[in-house]
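Residue-level structure breakdown
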Amino acid sequence: DTAVSQTPKYLVTQMGNDKSIKCEQNLGHDTMYWYKQDSKKFLKIMFSYNNKELIINETVPNRFSPKSPDKAHLNLHINSLELGDSAVYFCASRPLGQGEKLFFGSGTQLSVL
Amino acid sequence: AQSVTQLGSHVSVSEGALVLLRCNYSSSVPPYLFWYVQYPNQGLQLLLKYTSAATLVKGINGFEAEFKKSETSFHLTKPSAHMSDAAEYFCAVSGTGSYIPTFGRGTSLIVHP
């Protein structure tokens, strides 16, 4: 079983649409993340969330919103998609504790036309 | 505050040659340091991590890294490159008390036959 799974793998959509990317982890981890990877491979943290707090990167537009129905899921909702939103989005999770590694999903490639 | 600088966006080596990927960090607290590898169309996976137990850290696939506090460096090495090592490599840092790692911009390793 995949530890961190994202769906869909590919998402092609028109400007102005609203879309969601789902993420589930079966590792029992307490903290989940969303990262955006641009065309130059730069990884930018968008959100981190555990069952106590949500930390939002202040540079992320408010068109992006994380939704966590339970500890195992952290979905990403994007409203009014723009061309610049095209990127690969990665979900990740990690257990509590100092120095713990991140477990990444395989990514969702979003293309906005 | 924490940051990572990876010197060289691309490193090209011949198969069998030494691999050296450079990473310098900045952290106001004792750092945890990581190297991740990303193969094409995949998520990131951990190669190795430094958590203060030993300054020379051995990872998977023959890679190792040495933590040098005086130089604020955590360079990644492998004695002999293999074609399968061609990938994107990311250095990351998280400080004590922080669970949001900061990633470097990545270094693309190219291995020539």
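Look up a bit, the structure's there.
Grouped together as the largest cluster of nonpolar side chains are 27 residues, with contacts concentrated most on W35, L48, F74, L76 and Y89 of chain B. Counting only elements with at least two residues in this core, the list comes to β2 (10-14), β3 (19-27), β4 (31-38), β5 (44-50), β7 (64-68), β8 (73-78), β9 (87-95) and β11 (107-112) of chain B. Counting 19 residues, the second-largest nonpolar core is a separate cluster that includes F47, V60, F64 and I78 of chain A.

A few words on the packing of aromatic side chains. A full pass over the atoms with the stated rule returns 14 aromatic pairs over all chains. Between the aromatic rings of Y35 of chain A and F103 of chain B, the centroid separation amounts to 5.4 Å while the plane-to-plane angle is 90°, which identifies the pairing as edge-to-face. Highlighted residues: Y35 of chain A in strand β4 (residues 31-37) and F103 of chain B in strand β10 (residues 102-103), drawn from two different chains. For the pair Y35 of chain A and F103 of chain B, one class covers both residues: buried. Seen from their ring centres, Y36 of chain B and F103 of chain B are 5.5 Å apart, and the 50° between their planes marks the pair as tilted. Of this pair, Y36 of chain B sits in strand β4 while F103 of chain B is found in strand β10, placing the two residues 67 residues apart along the sequence. As far as the burial class goes, Y36 of chain B and F103 of chain B line up, both buried.

With that out of the way, let us pick up the interface of chain A and chain B. Of the residues lining the interface, 24 residues belong to chain A; the matching set on chain B comes to 22 residues. The junction of chain A with chain B conceals about 1,900 Å² of combined surface from both sides, 57% of it contributed by carbon and sulfur atoms. Our enumeration of links across chain A and chain B arrives at zero salt bridges. Summed over the shared surface of chain A and chain B, the result is four residue pairs in polar contact (both at pLDDT 80 or more). Listed by contribution, the elements that provide at least two residues to the side of chain A that touches chain B are β4, β5 (43-50) and β9 (87-94) of chain A. Class assignment of the residues belonging to the side of chain A that touches chain B gives a composition of nine nonpolar, eight polar and seven charged.

Right, let's get into the sheet that holds strand β3 (residues 19-25) of chain A. Residue and element names in this part refer to chain A. Judged by pairing direction, the sheet is antiparallel, and its four strands sit side by side in the order β1-β3-β8-β7 without closing on themselves. Bordering the open sheet on either side are β1 (4-7) and β7 (64-67), each of which pairs with just one other strand. Each strand axis lies, on average, 20° off the axis of its neighbour in the sheet, ignoring direction. Relative to strand β8 (residues 75-78), β3 is paired through three bridges, and the arrangement is antiparallel.

Bringing the pattern of salt bridges into the picture now. Where side chains of opposite charge bring their charged atoms close, a pairing between them can arise. Residues and elements named next belong to chain A. Tallied over the full model, the rule gives five salt bridges over all chains. In this structure, the salt-bridge partner of K71 is D30, at a minimum N-O distance of 3.1 Å. With K71 in the loop between β7 and β8 and D30 in the loop between β3 and β4, the pair connects residues that are 41 residues apart, well separated along the chain. A salt bridge links R63 to E82; the nearest nitrogen and oxygen atoms lie 3.5 Å apart.

Definitions and limits used
Residues numbered from 1 in each chain as written. Chains lettered and ligands numbered in written order. Predicted model: local features only at pLDDT ≥ 70, side-chain atom pairs only at ≥ 80, totals over all residues. Heavy atoms only, no water. Core = buried A, V, L, I, M, F, W, Y, C linked by side-chain atoms within 4.5 Å. Buried < 20%, exposed > 50% of the residue type's maximum accessible area, 1.4 Å probe, protein only. Helix = DSSP H or I, 4+ residues; strand = E, 2+ residues; numbered from the N terminus. Phe/Tyr/Trp six-rings, centres within 6.5 Å; stacked < 30°, edge-to-face > 60°. Contact = heavy atoms within 4.5 Å. Buried area = accessible area lost by both parts, 1.4 Å probe. Salt bridge = Lys/Arg side-chain N within 4 Å of Asp/Glu carboxyl O. Polar contact = N/O pair within 3.5 Å; in protein donor to acceptor, adjacent residues only side chain to side chain. Nonpolar A, V, L, I, M, F, W, Y, C, P; charged D, E, K, R; others polar. Pairing = 2+ DSSP bridges. Axes fitted to C-alpha atoms, helices over the stretch in contact; angles between N-to-C directions.

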